Amino acid sequence: MSDQLPEQHRANIRAADADRNLVAKLLSDALADGQLSVSEYDERTTAAYKAKTYGELDLLTTDLALSPPTGIDDSPGRVGNDRAIAIMSGFTRKGEWTVAPRIDAIAFWGGGEIDLCQAHFSAPVVTINCVAIMGGIEITVPSNIAVEVRGAGIMGGFDHLSQTGAPGAPRVIVTGFAFWGGVGIKVKK
């Protein structure tokens, strides 16, 4: 949303579709982080898509600890965030590849596979935010990395694997939700 508008006039300026989509993304992140319940997320997202002004949109996120997405970091050697999307299709991330600090994995009527066994980590902590709606996402991790799961299944399944990992090994945090779908996490020895 534009921060260039004078504060006294901003609330009354009409918002664009891009602004509504940004607020919906921020609300999705708040759901994944546990700041919102599913019903609060649903109510606020519905209100975001109905909002006409910046003032209406601002009210939906004022009580959340969020930061809007920043631009792509294209400094040499730096890996930005990754998106893996399967809409009535599939995605695969496996073999030798570089894992970004954050992966947003979405499966809607489709499936995805994220295999970290031969991956190179670009950060000590990696967050994989999964959204599986009538689809599935399978994550395979090696036995030597730490794993923490914060996701939830709603009329679906979300594996809750927890492992400590070796000292100094990367840590993977899996967040998100599965609605009529599933997120599976398995350990490969």
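Preceding this section is the structure that the text describes.
First, a word on what this report is: a plain description of the structure on this page.

Rules of the game
Residues numbered from 1 in each chain as written. Predicted model: local features only at pLDDT ≥ 70, side-chain atom pairs only at ≥ 80, totals over all residues. Heavy atoms only, no water. Patch = residues over 30% accessible without salt bridge, like charges linked within 9 Å, V, L, I, M, F, W, Y side chains within 5 Å. Areas by Shrake-Rupley, 256 points an atom, 1.4 Å probe, with all protein chains shown as cover. Salt bridge = Lys/Arg side-chain N within 4 Å of Asp/Glu carboxyl O. Helix = DSSP H or I, 4+ residues; strand = E, 2+ residues; numbered from the N terminus. Phe/Tyr/Trp six-rings, centres within 6.5 Å; stacked < 30°, edge-to-face > 60°. Buried < 20%, exposed > 50% of the residue type's maximum accessible area, 1.4 Å probe, protein only. Pairing = 2+ DSSP bridges.

## Brief notes about a nonpolar patch on the surface
Link 1 in the chain: The grouping of Ile85, Ile87, Met88, Ile106, Phe108, Trp109, Met134, Met155 and Trp180 at the surface amounts to a nonpolar patch, some 920 Å² of accessible area in total.
Link 2 in the chain: Looking at the nonpolar patch, the elements with two or more residues in it are strand E1 (82–87) and strand E4 (102–108).
Link 3 in the chain: Residue placement: Met134 occurs in the loop between strand E7 (125–133) and strand E8 (136–142).

## Brief notes about the packing of aromatic side chains
Link 1 in the chain: On inspection of all chains with the given rule, the structure shows three aromatic pairs.
Link 2 in the chain: Note on Phe108 and Trp109: the rings are 5.6 Å apart at their centroids and 5 degrees apart in plane angle, and the pair reads as stacked.
Link 3 in the chain: Trp109 gets classed as partly exposed once you look at its relative accessible area, which sits at 46%.

## Digging into the sheet that holds strand E11 (residues 157–158)
Link 1 in the chain: What the five strands build is an open sheet, ordered E2-E5-E8-E13-E11; its pairing is parallel. Edge positions in the sheet fall to strand E2 (90–93) and E11, since each has one partner strand and no second.
Link 2 in the chain: Bridging between E2 and strand E5 (residues 111–115) involves four bridges; their strand directions are parallel. Residue pairing in the sheet places Thr92 in a bridge with Glu113 of E5.

Geometry only, nothing functional implied.
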